[in-house]
Amino acid sequence: QGEFLEKIADIGLVIYLDVTDETIKRRILERGKISGREDDQDITIIERRIKQFKEETKPLINFYKKKFMITYVDGEAPIEQVLNQVENILRLWDQ
């Protein structure tokens, strides 16, 4: 996947928001209450989506880790703090 992406896009940096499964479940369930999306209110579907995400992204994470192109952000932090971390990373990377 990583090799293919490099052929079609100029990827210089990967930012990975590091969040626990429990936080992801809680956030998606909250979103489901607000949006009314049924798939965001079914824990079985949410767990399947998390599993699929991990299976599909693990090779990419490893690919970019080997190339020293990935940086991690604590996605457990408050939204404003996550945004600040991402903005700071992008600012430093753009120099």
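Conventions and cut-offs
- Residues numbered from 1 in each chain as written.
- Predicted model: local features only at pLDDT ≥ 70, side-chain atom pairs only at ≥ 80, totals over all residues.
- Heavy atoms only, no water.
- Core = buried A, V, L, I, M, F, W, Y, C linked by side-chain atoms within 4.5 Å.
- Buried < 20%, exposed > 50% of the residue type's maximum accessible area, 1.4 Å probe, protein only.
- Helix = DSSP H or I, 4+ residues; strand = E, 2+ residues; numbered from the N terminus.
- Contact = heavy atoms within 4.5 Å.
- Phe/Tyr/Trp six-rings, centres within 6.5 Å; stacked < 30°, edge-to-face > 60°.
- Polar contact = N/O pair within 3.5 Å; in protein donor to acceptor, adjacent residues only side chain to side chain.
- Expected span 1.5 Å × (residues − 1).
- Salt bridge = Lys/Arg side-chain N within 4 Å of Asp/Glu carboxyl O.

Draft legend 1. Summary view of the nonpolar core. If you look at the biggest cluster of nonpolar residues, it comprises six residues: Leu60, Ile61, Phe63, Tyr64, Met69 and Ile70. When residues of this core are assigned to their parent elements, the largest contribution, four residues, is made by helix α3 (residues 43-66). The residues touching Tyr64, leaving out its near neighbours within four places in the chain, are Gly2, Leu5, Glu6, Ile11, Val14, Met69 and Ile70. Within the second largest apolar cluster, five residues are counted, among which are Ala77, Val82, Val86 and Ile89.

Draft legend 2. Quick peek at the packing of aromatic side chains. Taken as a whole and judged by the stated rule, the model has two aromatic pairs. Plain terms: the ring middles of Tyr16 and Tyr72 are 5.7 Å apart, the flat faces sit at 70° to each other, and that makes the pair edge-to-face. Taken together, the residues Tyr16 in strand β1 (residues 14-18) and Tyr72 in strand β2 (residues 70-74) connect sequence positions 56 residues apart. Since its relative accessible area comes to 38%, Tyr72 is described here as partly exposed.

Draft legend 3. Examining unusual backbone geometry more closely. A positive phi is found at Phe68, a non-glycine position, where the angle reads about 55°. Along the polypeptide, Phe68 turns up in the loop between α3 and β2. By relative accessible area, which is 77% here, Phe68 ends up exposed.

Draft legend 4. Expanded view of the side chain of Lys25. Following the sequence through the fold, Lys25 ends up in helix α2 (residues 21-35). A distance of 3.3 Å separates the side chain of Lys25 from the side chain of Glu22, its partner in a polar contact. The contacts of Lys25, once residues within four sequence positions are left out, are Ile43, Ile46, Glu47 and Ile50.

Draft legend 5. α2, seen in detail. Between its first and last C-alpha atoms α2 spans 21 Å; for 15 residues at 1.5 Å apiece the expected length is 21 Å, and the two agree. Taken together, the buried positions of α2 are occupied by Thr23, Lys25, Ile28 and Gly32. Buried residues belonging to α2 abut α3. Looking at the residues trailing α2, positive phi occurs at Gly36, about 80°.

Draft legend 6. Up close: the pattern of salt bridges. Enumeration according to the criterion identifies eleven salt bridges in this entry. Lys25 serves as the salt-bridge partner of Glu22, at 3.3 Å between the closest nitrogen and oxygen. Of this pair, Glu22 and Lys25 both sit in helix α2, three residues apart, roughly one helical turn. Residue classification places Glu22 among the exposed positions, given a relative accessible area of 55%. Put simply, Asp39 and Arg37 hold a salt bridge, and the shortest N to O gap is 2.7 Å.

By themselves, these are just geometric observations and shouldn't be taken as functional.
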